[in-house]
Amino acid sequence: MKKKYARYIFPSMLSFLLTGIYSIVDGIFVGRAMGDPGLAAINIAWPLVALIISLGTGIGMGAAVIVSLNNGAGNDKKAAKAEGNALFLLFAGSLLLTFILFLFGEPLLWLLGAKDELLPLAHTYLRFILLGGVVQVFASGMVPLMRNRGASFYAMCAMALGCISNILLDYFFVIALNLELMGAALATVLGQVLTLIFCIVFYMRKKNRIALSSIRPDKKTVFSILKVALSPFGLTYLPSVTIIFMNLQALKYGGEEAVSAYAVLAYIISFMELLVQGIGDGSQPLLSLSKGKGDEKSLKRYTQWTFSLGIGFGIAGAVIFMLVRDVLPVFYGTSPKAAAYIIYATPAFALVMALYGLTKPAVSYFYATNRVVRSTLLVYGEIVLTLLFIFVLPLFMGLDGVWYTIPAVQAALGISCILFLKK
C-alpha cells in the first residue's frame, strides 16, 4: 500500500511544488523589474486570472472523483461518460469565461482596487493572459484526469515542463526584453501551452482515447461533475477572493506599500497551499477508489497518511518562513516601508502555513470521498469568515486587523475540520 500511495502522492506533490516555486520566482522577476507598482498590479489582477485556473481544476477534479467512484463500484461505462463530459465542460466553460473577462475585465479591475497607474498595468497583464484562456482551462483540467488514470508521473512531467518553461521565459521576457507585465503574462500562457501539448499526446494514445459518444453531454453526468466540482473550484479559487478584500483593506489602511507587502506574503503562503493541495489531489484517486469499493481499511490508512503529510509539511513550512523572513524583501525588491510590513506580518502568515496542513487536506478528503456537503461548508464557509473578519478586525486593530484576518479564518476552519472528522 505504501508504494502505491507514494506513486500517486509524490509526483503530485512535486508538480505543485514546482508550481509554487514558479509563483515565487514570477513575483521576484516582476518585483525586480518594476518594484512595488508591478507587484501591486499583478496581485490586484490575480483574482480574475485565477478564475481561469480554478475553473479547469474544479471541473477536472470533480470529474476525476466521479470517474474513480464509478470505477471502484464497477460502473466502467459511467466512468467513461464522466471523463468525456469533463472535456465538454472544459471547452464550454473556457469559452464563456474568456469572453466575459475580455468584455468586462477593465471595469472589474477598477472595482478590485486598480486605480491611477495600477489600472493600465493590471489590465495589460489580464489581456495577455486571456489570449491563452482556453489553453489554461484545458491544461489545468486535464492534469487531474491523467493522474486519475494512474499516470501521476506523466502528469507531473506535464506540469513540470510548464513551470520550468515559465521561469525561463519569465527571465527572457521580463528581465532580458523588459516587457514587464506583458512578458510575465506571455510566459505563463506559453508554459501552459506546453503542458496542454503533453496532455493531448497522452490522450492521443490508443488505450487512452475518449470515445466521441462519451463527450456528448449528458444532463445527469454533467450535474454530478459540477456538484463535486464546487469544492475543488472553491478550494483553488478562495485564496484569490481573499486577495481581493485583503488588497482593498491593505490599500485603505497601509497604502500601496502594504499591498506590495501582502503580495509577497501571499506568494509565500500560496507555495505551502499548493504543496498541501498536491498531497490532497494526489491522494484523491486512491481515496475515491477505496470509497467506491467500500474498502474501509484502505480508506482509513490512506486518510491517515494524507493528514500526517499535510500537517508535517505545514509545520515545517511555518518554521522555515520565520527563519527567512528578513531576506524576503531583498529578493522581491520591495521598498523599505513594504519590507518592514513583510517582516512584521510574517509570524501571522507563518501560522497560516501551519494551519493549511490541516484545513486543505481535509477539504480534499471530504470531496474525494463524496462528502460534498462537508467540503462545500468548509470551502464557502471560509469566504463568509474572510468577509466578516476583514471588515471587522481592522475597525479595532487598523492594519494589524488586515494581517490577522487570514490566521483567524484558518484557526476557525481548523476547529471545524476537527469536529467534522471526529463526527
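How each quantity is defined
- Residues numbered from 1 in each chain as written.
- Predicted model: local features only at pLDDT ≥ 70, side-chain atom pairs only at ≥ 80, totals over all residues.
- Heavy atoms only, no water.
- Core = buried A, V, L, I, M, F, W, Y, C linked by side-chain atoms within 4.5 Å.
- Buried < 20%, exposed > 50% of the residue type's maximum accessible area, 1.4 Å probe, protein only.
- Helix = DSSP H or I, 4+ residues; strand = E, 2+ residues; numbered from the N terminus.
- Contact = heavy atoms within 4.5 Å.
- Patch = residues over 30% accessible without salt bridge, like charges linked within 9 Å, V, L, I, M, F, W, Y side chains within 5 Å.
- Areas by Shrake-Rupley, 256 points an atom, 1.4 Å probe, with all protein chains shown as cover.
- Salt bridge = Lys/Arg side-chain N within 4 Å of Asp/Glu carboxyl O.
- Lys, Arg positive; Asp, Glu negative; His and termini not counted.
- Charge placed at Lys NZ, Arg CZ, Asp CG, Glu CD.
- 1 Å grid on protein atoms, 1.4 Å probe; cavity = no way out; pocket = protein on both sides within 12 Å on 5 of 7 lines; lining within 4 Å.
- Points joined across faces, edges and corners; volume = space filled by probe spheres on them.
- Nonpolar A, V, L, I, M, F, W, Y, C, P; charged D, E, K, R; others polar.
- pLDDT = per-residue confidence, 0-100.
- Axes fitted to C-alpha atoms, helices over the stretch in contact; angles between N-to-C directions.
- Parallel < 35°, antiparallel > 145°, perpendicular 65-115°, else oblique.
- Left-handed = near helix turned anticlockwise from the far one by under 90°.

Caption draft 1: Layout of the nonpolar core. Tyr125, Met146, Phe321, Phe349 and Trp403 are the most contacted members of the largest nonpolar core, which has 133 residues in total. Top contributing element to this core by residue count: helix α2 (residues 36-72), with 18 residues. Setting aside anything within four residues of it in sequence, one finds Phe321 in contact with Leu265, Ile268, Ile269, Leu328, Thr346, Phe349, Ala350 and Met353.

Caption draft 2: Examining a positive patch on the surface more closely. Judged by side-chain charge, Lys2, Lys297, Lys300 and Arg301 come together as a positively charged surface patch. For the positive patch, the leading source of residues is helix α11 (residues 296-324), giving three residues. Looking at where Lys300 falls in the secondary structure, it is placed in helix α11. Overall, the relative accessible area of 55% leaves Lys300 in the exposed class.

Caption draft 3: Spatial organisation of the pattern of salt bridges. Considering all chains together, one arrives at three salt bridges under this definition. A salt bridge links Lys360 to Glu273, with the shortest nitrogen-to-oxygen separation between them at 3.4 Å. Separated by 87 residues along the polypeptide, Lys360 in helix α13 (residues 336-368) and Glu273 in helix α10 (residues 256-293) bring together distant segments of the chain. Assigned by exposure class, Lys360 and Glu273 land together as buried. The salt bridge partner of Lys360 is Glu382, with a shortest N-O separation of 3.5 Å. Pair noted here: Lys360 is in helix α13 and Glu382 is in helix α14 (residues 372-397), with a separation of 22 residues, a long-range link. With respect to class, Lys360 is no different from Glu382; both count as buried. Where salt bridges share partners, they join Glu273, Lys360 and Glu382 into one cluster.

Caption draft 4: Fine view of the layout of surface pockets. One number sums up the size of the largest pocket: a volume of about 380 Å³. At the level of secondary structure, the elements contributing two or more residues to the lining of the largest pocket comprise α2, α3 (76-111), α9 (219-254) and α14. A total of five residues in the lining of the largest pocket trace back to one element, the largest contributor, which is α9. Along the lines of polarity and charge, the residues of the lining of the largest pocket split into five nonpolar, four polar and six charged.

Caption draft 5: Seen up close, the confidence of the model for the chain. Looking at the chain as a whole, the pLDDT averages 86, with 98% of positions reaching at least 70. Ranking the elements of the chain by mean pLDDT puts helix α1 (residues 2-34) last, at 74, and helix α15 (residues 399-403) first, at 93.

Caption draft 6: Inspection of the packing of α2 against helix α4 (residues 118-130) at higher detail. Here α2 crosses α4 at 40 degrees, and the two axes come no closer than 8 Å. With respect to α4, the axis of α2 lies oblique. Along this stretch, α2 crosses α4, giving a crossing that reads as right-handed. Residue-level contacts link Pro37, Ala40, Ala41, Ile42, Ile44, Ala45, Trp46, Leu48, Val49 and Ile52 of α2 to Leu118, Leu121, Ala122, Tyr125, Leu126, Ile129 and Leu130 of α4. In terms of residue class, the contact of α2 with α4 is made up of 17 nonpolar, no polar and no charged.

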